[in-house]
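# A look at the structure
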Amino acid sequence: MSLLTVDNLTVKYGVDTKDELLACHEIDLTIEGGEFVTIIGPSGCGKSTLLHTMGGLISPTDGAVRFDGVPVTKPNPRNAAFVFQDYSLFPWKSVEENAGMGLRFAGASKAEAMSQAKTQLEFVGLKDFGERYPRALSGGMQQRVAIARALALEPKLLLMDEPFGALDEQTRRNLGTDLSRILGEAGQAVVMITHSLDEAIFWADRIVVMSARPGRIAEEITVETPRPRQLEFMTTKRFQDLRVHLFEQLEVHQRDAAERDASSSAAVV
Amino acid sequence: MPITLTRPGRRVVRRQATIWALRLALLLAVLGAWRYANTAGEVSPLILPQLSAVTDSFTQLVGSSHTWQQAGITVLEMLAAFTIAAVGGLLCGFLLSRGPVIARTAEPLLAWGYMFPLALLYPLFLLWVGVGMGSKIAYAAVGAFFPITYNTIRGLRSVDAKYLQVGRAFGASSLQVDFNIKFGAARPMILAGLRIGSSIVTIFVVLAELLGSQKGLGHEIEQASSRLMIADSYATVLLLILITIVLQRVMERLLRAKHE
């Protein structure tokens, strides 16, 4: 059985108001255990909505999300744990407390949370920073703490919403290579949203391309090269071909969205 | 290993030295002007007593157990008023913040309560609670209650949605959301409210003692002034200033957020 299935999922915001917005439309998707799936698509295409629905933060308007066959109605961090784009660390808690906070919220004892926090901080390479406060850390280090917080729950699936979105190119690359080791060792399935074509290909067992709003799955591409991959993978022909293909796809969807917006606003006038 | 100052360290030290030298110079200038006013300026000793008379009076005050008894009463009133206002304000702020409707209703009322010149109501406090310590404590506690409650509500209600989302994503209980997330995020604002409250308490207690009381340093000042013992009056004011500085320093130390 698949780890997570998204079945004919539709999500609308503001149902029955004049601002009703169709964010995701009839999406079918499955995630297998240990698989790394990246989601890419134009801005505002409903990627985040899809991810949040997969983790139970948003309820489906129609269709269903199932984890191990059981419908997801609210977040269960021991199944699927989130890593958010803006790190979302608590500035009033130390790095160690932050890393253990997810477990505390999930109901673990303080002692268990603290010992897991230590283990996970060491795992992401921040052993000596437990006493510090998040403000003293760089963006890349803060995101490692957020990853440690999620890994502390030993979830079967990590849901990452543009985890490197706020980082500069060099930091992204360093964190990226480190993370492929970390996630490779931890063995979780990962669903990661990204805006970067390179990241989408480099990481993925499978790339999900979404169309512009309303979000639909336009294409799924399997990347056969085994993980973890070396940086040299980015210089191969297969990588370059995929990159060109994704680039064109995103262009098409972006243009579609722009045209539709233009015609709909013309209709209003 | 010998400790050596780095360049910026040295500059900071030098700047600190300059600041203290200037402060000393300012103090000397004030004392010099005072001395001039006493002698060549021919200012009436009823307005500005002799500097030496004030220092004499001050040494006498500090040596007398009566003064410390009065000071003790004033400080006790301040601490009691602050404790009541802090406990009441935090509790009310927390409860009022739980419903959006009730919070929106309460916010402007609390803001008005903060801005209203409560001194106008002091005669009523005397009527209700009497001329003893109770009226000072009640009056100062009411004054400090408003900013503390107001800031607590505002702090708890303006918590960044991204922090609350973390709570939801990891399954936090509502108790955990309140104490681990909301109070943590609101702490700087709540502490600011408590700091405002603590300075209001010191002002209100002394004011209340001046306006009508039988004990406390404020009462001593009022007594000395009405008997034209101006040097005593000045000396008591000086003592009061020193005591409030110490109290404020202690408060600030206690009310500083760890990560700030």
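Residues numbered from 1 in each chain as written. Chains lettered and ligands numbered in written order. Predicted model: local features only at pLDDT ≥ 70, side-chain atom pairs only at ≥ 80, totals over all residues. Heavy atoms only, no water.

### Here's the deal with the UniProt feature "transmembrane region" (unreviewed entry) in chain B
Residue and element names in this part refer to chain B. As a reminder, the rule being used: UniProt positions are given in the numbering used here, feature names are shortened, and annotations may be inferred rather than shown by experiment. Helix numbers and strand numbers start at the N terminus; a helix is a DSSP run of H or I with at least 4 residues, a strand a run of E with at least 2.
Under the local residue numbering, the UniProt record ascribes the feature "transmembrane region" (unreviewed entry) to residues 20–37, 78–97, 109–131, 137–153, 189–208 and 228–247. Between the end C-alpha atoms of residues 137–153 the distance is 24 Å, and the span holds 100% helix and 0% strand. Along residues 228–247 one finds 90% helix and 0% strand; the C-alpha atoms at either end are 29 Å apart.

### Here's the deal with the pairing of strand β1 (residues 4–13) of chain A
All names here are of chain A. The condition is simple: Two strands pair under a simple rule: DSSP has to find at least two bridges between them.
When β1 meets strand β2 (residues 21–31), the two strands line up antiparallel, connected through seven bridges. Its bridge partner being in β2, Thr-5 is matched across the sheet by Thr-30. Where β1 meets strand β4 (residues 62–67), five bridges bridge the pair, whose relative direction is antiparallel. Directly across from Leu-4, in β4, lies its bridge partner Phe-67.

### Here's the deal with the domain arrangement of chain B
Threshold: Domain start and stop points were drawn from an automatic or database domain assignment.
Once the domains are mapped, chain B shows domain 1 (7–43) and domain 2 (53–254). Of note, the centres of domain 1 of chain B and domain 2 of chain B, computed from C-alpha atoms alone, are 32 Å apart.

### A closer look at the UniProt feature "domain: ABC transmembrane type-1" (unreviewed entry) in chain B
Within this structure's numbering, the places UniProt gives as "domain: ABC transmembrane type-1" (unreviewed entry) are residues 71–251 of chain B. Annotated as residues 71–251 of chain B, this span is 85% helix and 0% strand, and its ends, taken at the C-alpha atoms, are 18 Å apart.

### Re the sheet that holds β2(A)
All names here are of chain A. For the record, the criterion: Contact definition: two residues touch when any of their heavy atoms are within 4.5 Å. To obtain an axis, a line is fitted to C-alpha atoms, over the contacting stretch when the element is a helix, and the angle between two such axes runs from 0 to 180 degrees between their N-to-C directions.
One open sheet holds the four strands; their spatial order is β2-β1-β4-β5, and the pairing between them is antiparallel. Edge positions in the sheet fall to β2 and β5 (70–71), since each has one partner strand and no second. As defined by bridge partners, β4 adjoins β5 across two bridges and the pair is classed as antiparallel. Bridge pairing in β5 links Arg-66 to Pro-71. Across the sheet, helix α1 (residues 47–54) lies against β1, β2 and β4, angled at about 125 degrees from β1, the strand it touches most.

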